[in-house]
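# What the coordinates show
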Amino acid sequence: MKKDAKKIKISACMMVKNEEEMLPRCLNSIKHLIDELIIVDTGSTDKTVEIAQSFGAKIYHHPWENNFSKHRNQSLCYATGNWILLVDADEELNAYQIEKNQLKKKLADAPNPLNCYLIKVLDKNRRGEISSVTESIRIFRNHVGIEYRGIVHNRLHYSGKVGHLDLQLFHYGYALSDAQMKAKYKRTSGLLFRRIEENPEDYDAYFYQYQVHSEMGKKEEAIKYAMRCLELIEEKGVNPTEASFYYSLYYGIASVFMKLGKYDQALSAVRKGLEVLPDEVDLYYNLAAIGYFSGQSNLSIEGGKNYFRVVDNFRSDSSRSGTRFIFTTAQHAEITVCFWLMTGLIAEGQFAEFPDLWEKYKENMLEKPGFQKELFKLLEKAEAFECLESVAVFLLNNLEKIHAANHQMIYSFLVFYLRERKAYQKESNSELDELFKNVAGSYLNALASYNDMPTTDAVVIAEYLLENSMGQFFLDLTLVVFERELAGQIKVIDSDETIIQGYNKIAQSQEHNRKGKLLSLLCLNICKGLAGTKEGQPAEPSPRKLPEDHLPYDVEKESRKSVAMTRSMANKHPLVSIGLPVYNGGQDLEKAIQSILNQGFEHFELIISDNCSTDNTEEICRKYADQDKRIFYNRFNKNYGLLMNWQKVYGLAKGNFFVFAQHDNTYQSNFLSACLSEFSKDSTNCLGIVFPQINIFDKEGNYRPYSDPLQPVQDDPLERYLHVLWKIDLNNAILGMMRPEVLIGHRVFFGSLNTKVLFGDHASMTEIALKKKIKQINPRVLNRQMSDYKKGNFQERNIKLINAACGNIMADGLTLPFVGIIRKQMEVIKYSELSFSQKDFLIKETIKCLKQRFGVHMKLEIQRAVELIKNNSFYTMWDGRTLPANTLNELKFFKREYMYSLIGDLENALFVFPENDDLKKAVGTCKNFINSK
């Protein structure tokens, strides 16, 4: 017979001592689920008791007696609820997973023989990563004889059946400082020795001694205790169900042996463990790891394939793990096993399965530069270039998300592979030619010196330079090739014949693998081009003839110059990169460029990217680029929108510091030096951006000082985030000087006129604030032109700006710009490296801030959207226009993507306005519309 959920009373029981740092997080996570809070304090001298009282706890004082079980049982004795929730101060319940009435209903429905519930406990390390997962009895009936035993690492002794609740408890007990961990291990180990002295056959104590000594780095002792634990379990004939808790030792023993480089012993532990625990996910992880690190690729394949066969079952079915620890079901572990499996498949020449694995995990590999590099090396060695092509092309298309150290590796393979395809294709392929040209150009821009280029790449690029009549650069590169490959056999390049002689020698010395064959072919192509021959017949002198005024060349002397290439010869390694994206900025552009060139600090590069301007912008840029070698000019062949242009200038930058410039802003001559001076004081590398105070100008030349309220220099990243969220206005910080690494892995890129939402750069600033400090300095060394600042209707002004900046606005389907701010801020929080409770805190504070700052605008947008949806006018732009029929009908999948975007914005709005029933109905209407199509 089911009980009434209203009669269920839940008591939370804890024992504490000096837990003021962690206790608030714990109690905040459980307060909404419990009816009573029981705390046994064992002698706190900090604010623990005061904090507990603020949560309404019933507090009982007992002096510490070096016995964890005794004090836990004391807390149980005071509980008056019919169910107990047992937590520790260093734990945090995932508060979003269940509501109080739902939990009480589950407990009321529990049949009488079921006395206990297991929930997942996830251990977190200091980096916030999940290091292990286990299931522990934390919710159980009161007054049924349940008690704890053992003076430390106590175990719950119970009767009756055990169920599972889909709840998570985060444990931060291993996320302490080194000093705290050392003290904790010393205390725990001492208590465990007492247990063993009292009972030498206490296998439980041996298990935890293994854990303590493993964490302390005492590997040999850890293995000794683990082995003794398993011996005692076998000797005593412990029930297999109960013993499963200890069987996670097989994973631990194998892991310790691997750290010691004893792979045979590690393999033996895995095999023995699999006899006891068939299909154990952790042990298959071990097996794949042993194979990778010991060079036994067959084991990597065996372990990897079996891991993927069983891992989903362990995630979806909590009962499979019993009460033992599970360490390897987290996503980062899965990605690592995938990498080990792929390396094994490559080593064994089993390439058929590689493409599917890569396709499934390629997005995850973007954050693994080491894995990318290793896969490249192995696939190239195996000459599995068709597999490597898909890897390289995907990484090339996501270059902004990849560590800069791997960019050259990607370019290097692609110039070879694309040139090889060109060499053996039967017909001309303009698309392939264009792709090769773009990759070769990007490769050249990414290098500081020809000396950084492998010989095969150098010859590929040399042929390309010669073919495109770039004789000066061809000579520079040839110098490096000859010095490296001919070892002084050619001292002076004084004629075309000398170059032909050198490349002939290189062609004859190549191996007969794919790279060697292509290298020989290209060397001979260069010789033919210089000799003016075609198919063995004499011909007129080649139009690619080298410039005579650059001959003769002294090979040894010139090659040592480490000649830079298409970018600034005299400025190979600038300290500062200044990126200036521009579109039709001819009216103000010269003043901006001139103010940059007039800087007192001269060791910089200026990268200008022109988004296919139709005014005199190109003429101005080329004029200045011809005059000053510090300037590099890029021009798109069509308007790709502002965001792409901003990303372009950042992607080309080489400096240790970066500045985003604008075509209508000007700088005082000490702008760079003032920012650099502040960075020079930053010995701890905690500053991400330094930006100056500004003067605001209008078109008529009128200006006024602007006092920016932004100064997020607090030590706490959460405080910096909230400071930016509440204080940011014009976002002058975006125009300051920054460390480029603050944008690595960035989820929300700069550019307030983003094609998806306004204020993208505001969200970006909060993301940076979570990483580093942003400091404003006093000199007003930046003059910012803002003709319509604080003038006119906000929406009208931004419609005009967006239409100017985004050539493909109609295809993007802008919907609700103010509501879109919510989505950007939620992305920042979601992908941050914060704890669950910190994210929860920021979500609540973010909603509070956005509602206060932009709530009026959001309500107007929502009201208008709701009215349009009621009339089935789904494809109306936020500025009032209706998307044209040709856009709706011709763009593949556009309607569905547009609707999903609209639903996402409306659902985000419910975060801020959960009481808006019309908004809820609008979301339902949109979903029904999609499902009906």
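Turning our attention to the overall build of the protein. Scanning the protein from N- to C-terminus turns up 36 helices and 21 strands. Counting only residues that meet the buried cut, the protein has 55% of its 933 residues in that class. Pairs at least 24 apart in sequence give 72% of the contacts found in the protein among residues at least 6 apart. Of the roughly 42,600 Å² of accessible surface on the protein, a fraction of 48% belongs to carbon and sulfur atoms.

This brings us to the side chain of E420. Note that E420 resides in helix 17 (residues 407-424). Classification of E420 as buried rests on a relative accessible area of 7%. A distance of 2.7 Å separates the side chain of E420 from the side chain of R514, its partner in a polar contact. Not counting the four nearest positions on each side in its chain, E420 is found in contact with R514 and L518.

Before going further, it helps to spend a moment on helix 36 (residues 917-931). Structural remark: α-helix, 3.6 residues per turn; residues separated by three or four positions point the same way. Helix length check: helix 36, at 15 residues, gives a terminal C-alpha distance of 21 Å against a target of 21 Å (1.5 Å per residue), a fit within 8%. Taken as a whole, helix 36 has its buried residues at L919, A922, V923, C926, F929 and I930. Mapping the buried residues of helix 36 onto a view down its axis gives an arc of 125 degrees, with all of them on the same face. Exposed side of helix 36, more than 90 degrees from the buried face: K921, N928 and N931 are the residues found there.

Turning next to the pairing of strand 18 (residues 687-697). Burial analysis of strand 18 places 10 of its 11 residues in the buried class, the great majority of the element. Sheet topology places strand 18 next to strand 19 (residues 703-706); 4 bridges connect them, and they run antiparallel. Note that in strand 19 the partner of I694 across the bridge is Y706. Here strand 18 hands over to strand 19 after 5 residues, with G701 in that stretch at a positive phi of 90 degrees.

A few words on the confidence of the model for the protein. Per-residue pLDDT for the protein has a mean of 80; in total, 81% of the residues score no lower than 70. A low-confidence stretch, residues 748-757 (pLDDT under 50), is modelled with 55 contacts involving residues beyond four sequence positions or located in other chains. In this model residues 788-814 is a low-confidence stretch, pLDDT under 50, and it forms 61 contacts with partners more than four residues away in sequence or in other chains.

With that out of the way, let us pick up unusual backbone geometry. Phi is positive for D279, which is not a glycine, with a value near 60 degrees. Position of D279 among the secondary structure elements: in the loop between helix 10 (263-276) and helix 11 (281-294). One non-glycine residue, N584, adopts positive backbone phi at about 50 degrees. Relative to the helices and strands, N584 is located in the loop between strand 13 (576-582) and helix 24 (586-597). A residue is classified by how much of its surface remains accessible, and N584, at 29% relative accessible area, is partly exposed.

On to the environment of R315, then. Of note, R315 is situated in helix 12 (residues 297-316). Measuring from C-alpha to C-alpha, the distance between R315 and T329 comes to 6.8 Å, with 14 residues separating the pair along the chain. Excluding residues that lie within four positions of it along the chain, R315 makes contacts with K120, Y307, T329, A330, Q331 and E334.

Turning our eyes to something else, we now look at the environment of G701. Inspection of the secondary structure puts G701 in the loop between strand 18 and strand 19. The class of G701 is partly exposed, set by a relative accessible area of 42%. In this structure, the C-alpha to C-alpha distance between G701 and Q785, residues 84 residues apart in sequence, is 9.0 Å.

Let us look at the side chain of Q599. Summarising the element assignment, Q599 is placed in the loop between helix 24 and strand 14 (604-610). Taking relative accessible area as the criterion, Q599 reaches 4% and is therefore assigned buried. From its side chain, Q599 meets the backbone nitrogen of F671 in a polar contact 3.2 Å long. A distance of 3.0 Å separates the side chain of Q599 from the backbone nitrogen of L672, its partner in a polar contact.

With that settled, the discussion passes to the packing of helix 7 (residues 219-236) against helix 9 (residues 249-259). Axis separation between helix 7 and helix 9 bottoms out at 10 Å; the angle between their running directions is 155 degrees. In terms of orientation, helix 7 lies roughly antiparallel with respect to helix 9. Considering only the axes of helix 7 and helix 9, their crossing is left-handed. For the pair helix 7 and helix 9, contact is made by K219, I223, A226, M227, C229 and L230 and by L249, Y250, I253, V256, F257 and K259, respectively. The residue inventory of the contact of helix 7 with helix 9, partitioned by class, reads 10 nonpolar, no polar and 2 charged.

Regular strands have side chains that alternate between both faces of the sheet. Pairing analysis gives 3 bridges linking strand 5 (residues 91-93) to strand 10 (residues 161-171), with the strands arranged antiparallel. In the sheet register, E91 faces strand 10, and the bridge partner there is H171.

Time to look at helix 7. Taking 1.5 Å per residue, 18 residues should reach 26 Å; helix 7 reaches 26 Å between its end C-alpha atoms and fits that length. Of all the positions in helix 7, only A222, I223, Y225, A226, C229, L230, L232 and I233 are classed as buried. Of the residues trailing helix 7, G237 is marked for its positive phi of about 60 degrees.

Quick look at the packing of helix 18 (residues 430-446) against helix 19 (residues 455-467) now. Running from amino to carboxyl end, helix 18 crosses helix 19 at an angle of 115 degrees, the nearest separation of the two axes being 11 Å. The angle between helix 18 and helix 19 places the two elements in the roughly perpendicular class. Here the hand of the crossing between helix 18 and helix 19 comes out left-handed. Touching F436, K437, A440, Y443 and L444 of helix 18 are D457, V460, I461, Y464 and L465, all from helix 19.

Conventions adopted
Residues numbered from 1 in each chain as written. Predicted model: local features only at pLDDT ≥ 70, side-chain atom pairs only at ≥ 80, totals over all residues. Heavy atoms only, no water. Helix = DSSP H or I, 4+ residues; strand = E, 2+ residues; numbered from the N terminus. Buried < 20%, exposed > 50% of the residue type's maximum accessible area, 1.4 Å probe, protein only. Contact = heavy atoms within 4.5 Å. Areas by Shrake-Rupley, 256 points an atom, 1.4 Å probe, with all protein chains shown as cover. Polar contact = N/O pair within 3.5 Å; in protein donor to acceptor, adjacent residues only side chain to side chain. Expected span 1.5 Å × (residues − 1). Arc of directions from axis to C-beta. Pairing = 2+ DSSP bridges. pLDDT = per-residue confidence, 0-100. Axes fitted to C-alpha atoms, helices over the stretch in contact; angles between N-to-C directions. Parallel < 35°, antiparallel > 145°, perpendicular 65-115°, else oblique. Left-handed = near helix turned anticlockwise from the far one by under 90°. Nonpolar A, V, L, I, M, F, W, Y, C, P; charged D, E, K, R; others polar.

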